[in-house]
Amino acid sequence: MNAANMDKVWDSLASQVAFGDMGAEGATVEERLAKATKLKTLREERDKTEARCRKGRQFTRKNELFRQMQALEKQIEELEKGGIDK
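Now for a description of the structure that goes with this document. Note that this is a predicted model, so its numbers are computed, not measured. (Residues numbered from 1 in each chain as written. Predicted model: local features only at pLDDT ≥ 70, side-chain atom pairs only at ≥ 80, totals over all residues. Heavy atoms only, no water.)

**What to know about the overall build of the protein chain**
Broken down by element type, the protein chain carries three helices and zero strands. For the protein chain, the N- to C-terminal ordering of α and β elements is α-α-α. Within the span of the protein chain, comprising 86 residues, buried residues form 17% of the whole. Accessible area of the protein chain: about 6,800 Å², with a carbon and sulfur share of 52%. (Helix = DSSP H or I, 4+ residues; strand = E, 2+ residues; numbered from the N terminus. Buried < 20%, exposed > 50% of the residue type's maximum accessible area, 1.4 Å probe, protein only. Areas by Shrake-Rupley, 256 points an atom, 1.4 Å probe, with all protein chains shown as cover.)

The following block contains the structure:
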């Protein structure tokens, strides 16, 4: 077995443990973990922004928070589609 095949076997095994599947074509486990971590962080930030938006009293501040929330949603959607790298 050469090094490239061993890397693929390792990625497949690690993917089974971490994600419960055989792995994504063209993406290493490290890349998938980084993407999952980024998605989790963006979702948490979006949830916090949404809570601040609901609690806000000033109209202009609520609008600003809403725009931030929309931007976070767009980033999440792009990352889920694979459009943003790390």
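**Looking at helix 2 (residues 29–55)**
Counted at 1.5 Å a residue, the expected span for helix 2 with its 27 residues is 39 Å, and the 39 Å between its end C-alpha atoms agrees. Buried within helix 2 are the following residues: Val-29, Arg-32, Leu-39, Leu-42, Arg-46, Thr-49 and Cys-53. (Expected span 1.5 Å × (residues − 1).)

**Topic: helix 3 (residues 59–81)**
Compared with an ideal rise of 1.5 Å per residue, which puts 23 residues at 33 Å, helix 3 spans 33 Å between its outermost C-alpha atoms and is within 8% of the ideal. Taken as a whole, helix 3 has its buried residues at Leu-65, Met-69, Leu-72, Ile-76 and Leu-79. Of the surrounding secondary structure, the elements contacted by the buried residues of helix 3 are helix 2. (Contact = heavy atoms within 4.5 Å.)

**Focus on the nonpolar core**
The biggest cluster of nonpolar side chains holds five residues, and these are Leu-39, Leu-42, Leu-72, Ile-76 and Leu-79. Elements represented by at least two residues in this core include exactly helix 2 and helix 3. Tallying contributions element by element places helix 3 first for this core, with three residues. (Core = buried A, V, L, I, M, F, W, Y, C linked by side-chain atoms within 4.5 Å.)

**So, the side chain of Arg-46**
Along the chain, the position of Arg-46 falls in helix 2. Given the relative accessible area of 17%, Arg-46 is considered buried. Within the structure, Arg-46 has its side chain in polar contact with the side chain of Asp-47 (distance 3.3 Å). Not counting residues within four places of it along the chain, the set of residues in contact with Arg-46 comprises Met-69, Leu-72, Glu-73 and Ile-76. (Polar contact = N/O pair within 3.5 Å; in protein donor to acceptor, adjacent residues only side chain to side chain.)

**Overview of the side chain of Thr-49**
Assignment of secondary structure puts Thr-49 in helix 2. Take Thr-49: its relative accessible area is 3%, and that puts it in the buried class. If we skip the residues at most four places from it in the chain, Thr-49 touches Leu-65, Gln-68, Met-69 and Leu-72.

**A short note on the environment of Lys-35**
In this fold, Lys-35 is placed in helix 2. In this structure, Lys-35 is in contact with Leu-79, Glu-80 and Gly-82, ignoring residues within four places of it in sequence.

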